[in-house]
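Tertiary structure, described
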Amino acid sequence: MPKKEQAYSSEICALIGRAVAELLADGEPVGRHNILIQLQKYSAQASDEQAQDLIERAFRSLLERFH
């Protein structure tokens, strides 16, 4: 795997892990629907294009794995 893809994978995993941790801290169920909603919240709060791109990749990555 090229370095750039490997970096994205680590960043995506960290972002999804953050979403799961926040759901657990809030007492919310950790299911695919709630994780995707959490990522949408991050997207709405993101202030720069690079963050938006990472969140979009994480969202797409999860959708691809769920189908």
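Nothing here was measured: the structure is a model prediction, and the numbers come from that model.

Okay, the overall build of the protein next. In terms of regular secondary structure, the protein is built from three helices and zero strands. Listing each helix as α and each strand as β along the protein from the N terminus yields α-α-α. Here the protein holds 67 residues, and the buried ones make up 24% of them. A separation threshold of at least 6 residues defines the contact pool for the protein, and within that pool the share at least 24 residues apart is 43%. By element, 52% of the accessible surface of the protein is carried by carbon and sulfur atoms, the whole surface being about 4900 Å².

Membership of the largest hydrophobic core comes to 13 residues, with the highest contact counts inside it found for Leu-15, Ile-16, Ile-35, Leu-39, Tyr-42, Ala-58 and Leu-62. If you list the elements that add at least two residues to this core, you get α1 (3-25), α2 (32-45) and α3 (49-66). For Leu-15, the contacting residues outside a window of four places in its chain are Leu-39, Tyr-42, Leu-54, Ile-55 and Ala-58.

Another aspect to go through is the confidence of the model for the protein. Overall, the prediction assigns the protein a mean pLDDT of 89, with 88% of residues at 70 or greater. Mean pLDDT values for the elements of the protein range from 84 in α1 up to 95 in α2.

Here we come to α3. Counted at 1.5 Å a residue, the expected span for α3 with its 18 residues is 26 Å, and the 26 Å between its end C-alpha atoms agrees. Along α3, the residues classified as buried are Leu-54, Ile-55, Ala-58, Ser-61 and Leu-62. Down the axis, α3 shows its buried residues gathered within 120° of arc, on one side only. In α3, the exposed positions that point more than 90 degrees away from the buried face belong to Glu-49 and Glu-64. Backbone nitrogen of Gln-50 and a side-chain oxygen of the N-cap are separated by 3.1 Å at the start of α3; the cap is Asp-48.

Right, let's get into the packing of aromatic side chains. The final tally for this structure, using the stated rule, is zero aromatic pairs. Sitting above the plane of the Tyr-42 ring, Arg-18 keeps its charged end 4.0 Å from the centroid.

Cut-offs applied
- Per-chain numbering applies: the sequence of each chain, read as written, is numbered from 1 onward.
- Where totals are concerned, whole chains, interfaces and linings use all residues; where local detail is concerned, this predicted model gives features only for residues with pLDDT of at least 70, and gives and counts side-chain atom pairs only at 80 or more.
- Computation of side-chain values: all heavy atoms of the structure, hydrogens and water removed.
- Helical segments are the DSSP runs of H or I of at least four residues, strand segments are the runs of E of at least two, and each set is numbered from the N terminus.
- Partly exposed residues are those whose accessible area sits between 20% and 50% of the maximum for their type, while under 20% is buried and over 50% is exposed, using a 1.4 Å probe and protein chains only.
- What makes two residues a contact is simply this: any of their non-hydrogen atoms within 4.5 Å.
- Each accessible area value is a Shrake-Rupley result obtained with a 1.4 Å probe; residue values ignore everything except the protein chains displayed when judging cover.
- Definition of nonpolar core: a set of buried residues of the types Ala, Val, Leu, Ile, Met, Phe, Trp, Tyr and Cys, connected through side-chain atoms within 4.5 Å.
- For every residue, the pLDDT score states the predictor's confidence, bounded by 0 at the bottom and 100 at the top.
- Every helix has an expected span of 1.5 Å times one less than the residues it contains.
- Taking the helix axis as origin, the arc is that swept by the directions to the C-beta atoms.
- Pairing of N or O atoms within 3.5 Å defines a polar contact, subject to two protein rules: one partner must be a possible hydrogen donor and the other a possible acceptor, and residues neighboring in sequence count only if both atoms are side-chain atoms.
- When two rings of Phe, Tyr or Trp (its six-membered ring) have centres within 6.5 Å they constitute a pair, described as stacked for plane angles under 30 degrees, edge-to-face for angles over 60, and tilted for the intermediate range.
- Each ring is checked for a lysine NZ or an arginine CZ that lies within 6 Å of its centre and within 35 degrees of its normal; such an atom marks a charge sitting over the ring.

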